[in-house]
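Chains, contacts and geometry: an overview
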Amino acid sequence: MTEPHCIFCRIVRGELPTKRIFEDDEILVFPDINPAAPVHLLMVPKTHVATLDAAGAEHERLLGRMLLLAPRLAREQGATNGFRIVINNGPDGGQEVYHLHVHVLGGPRPWKRL
Ligand code: 5GP
Ligand code: ZN
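Okay, so let's go over this structure.

What counts, and where the lines are drawn
- Residue numbers here run from 1 along each chain, matching the order of that chain's written sequence.
- Here every chain gets a letter starting at A, and every ligand a number starting at 1, in the order they are written.
- Only residues with pLDDT of at least 70 get local features here, since the model is predicted, and only at 80 or more are side-chain atom pairs given and counted; chain-wide, interface and lining totals rely on the full set of residues.
- Side-chain descriptors were evaluated using all non-hydrogen atoms of the structure, hydrogens and water having been removed beforehand.
- Here the coordinating atoms are restricted to nitrogen, oxygen and sulfur within 2.8 Å of the metal centre, or 3.2 Å for Na, K and Ca, and because water is not among them the sites may look incomplete.
- Every angle between 85 and 135 degrees makes a four-donor site tetrahedral, while opposite donors more than 155 degrees apart, with all other angles between 65 and 115, make a four-donor site square planar and a six-donor site octahedral; other sites are irregular.
- Helix and strand labels come from DSSP, where a helix needs a run of H or I of at least four residues and a strand needs a run of E of at least two; each type is numbered from the N terminus.
- We call a residue near a molecule or strand whenever a single non-hydrogen atom of that residue lies within 4 Å of it.
- Throughout this description, a polar contact denotes any pair of N or O atoms lying within 3.5 Å of each other; where both atoms belong to protein, one of them has to be capable of donating a hydrogen while the other can accept it, and for residues adjacent in sequence the pair is counted only when both atoms sit in side chains.
- Under the convention used here, a 1.4 Å probe and the Shrake-Rupley method define accessible areas, while residue burial counts only the protein chains that appear.
- Residues are called lining when one of their atoms sits within 4 Å of a cavity or pocket point, these points coming from a 1 Å grid over the protein atoms alone, where a cavity is a set in which a 1.4 Å probe fits but cannot get out and a pocket is an open set with protein on both sides within 12 Å along at least five of seven lines.
- More than half of a molecule's atoms lying within 2 Å of a cavity's or pocket's grid points is what places that molecule inside it.
- In this classification, Asp, Glu, Lys and Arg are treated as charged, Ala, Val, Leu, Ile, Met, Phe, Trp, Tyr, Cys and Pro as nonpolar, and every other residue, Gly included, as polar.

**Looking at the coordination of the zinc ion (ligand 2)**
Within the protein, the zinc ion (ligand 2) binds to C6 (SG), C9 (SG), H48 (ND1) and H99 (ND1); these donor distances fall in the range 2.1 to 2.3 Å. Coordination geometry of the zinc ion (ligand 2): the 4 donor atoms subtend angles of 106 to 115° at the metal centre, consistent with an arrangement described as tetrahedral. Counting the intervening residues between successive donors of the zinc ion (ligand 2) yields the motif C-x2-C-x38-H-x50-H. Residue C9 is located in helix α1 (residues 7-12), and its partner H48 is located in the loop between β3 (39-45) and α2 (60-76); the two are separated by 39 residues in the primary sequence.

Shown next as structure tokens:
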């Protein structure tokens, strides 16, 4: 299920253009529009889950799959010397887009932020 006005749901539905780096039936990966590192991917579930807080046991497999996918995609996208995973949650966690996403950050330092 997607939400009509959610920006990442709109990307999932193909209403907003992006480079679809990886996708299957439940996960989409695309570049961050404002990259904080030379490699900056966003991994999202295709179904709308607002926050990590809102995820439940039914998302256990999905979250596991996202984490296990990250090293491969990071490497394939050029982060060959390590990467960082970030999930911002809620206002004090600095979350700006309320559709659960995993940041995958890598590439040569220094990075712009984080
Ligand atoms: P948050 O702060 O919610 O963890 O991160 C949201 C991220 O989404 C930010 O890094 C921001 O640059 C990225 N972002 C926001 N809008 C868009 C968009 O329309 N397309 C893409 N590719 N990234 C976006
Ligand atoms: Zn959404």
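**Comments concerning the site of ligand 1**
Every one of the 17 residues lining ligand 1 counts as a neighbour, but D32, N88, E96, H101 and H103 are closest to it. A distance of 2.8 Å separates an oxygen atom of ligand 1 from a polar side-chain atom of N88. Contact with the protein chains hides 86% of the accessible area of ligand 1, taken as 530 Å² for the molecule alone. Taken atom by atom, the bulk of ligand 1 overlaps the largest pocket. Of all the elements in the fold, those that place two or more residues in the shell around ligand 1 are α1 and β2 (27-31). The element best represented in the shell around ligand 1 is α1, accounting for 3 residues. Residue composition of the shell around ligand 1, by class: 8 nonpolar, 6 polar and 3 charged.

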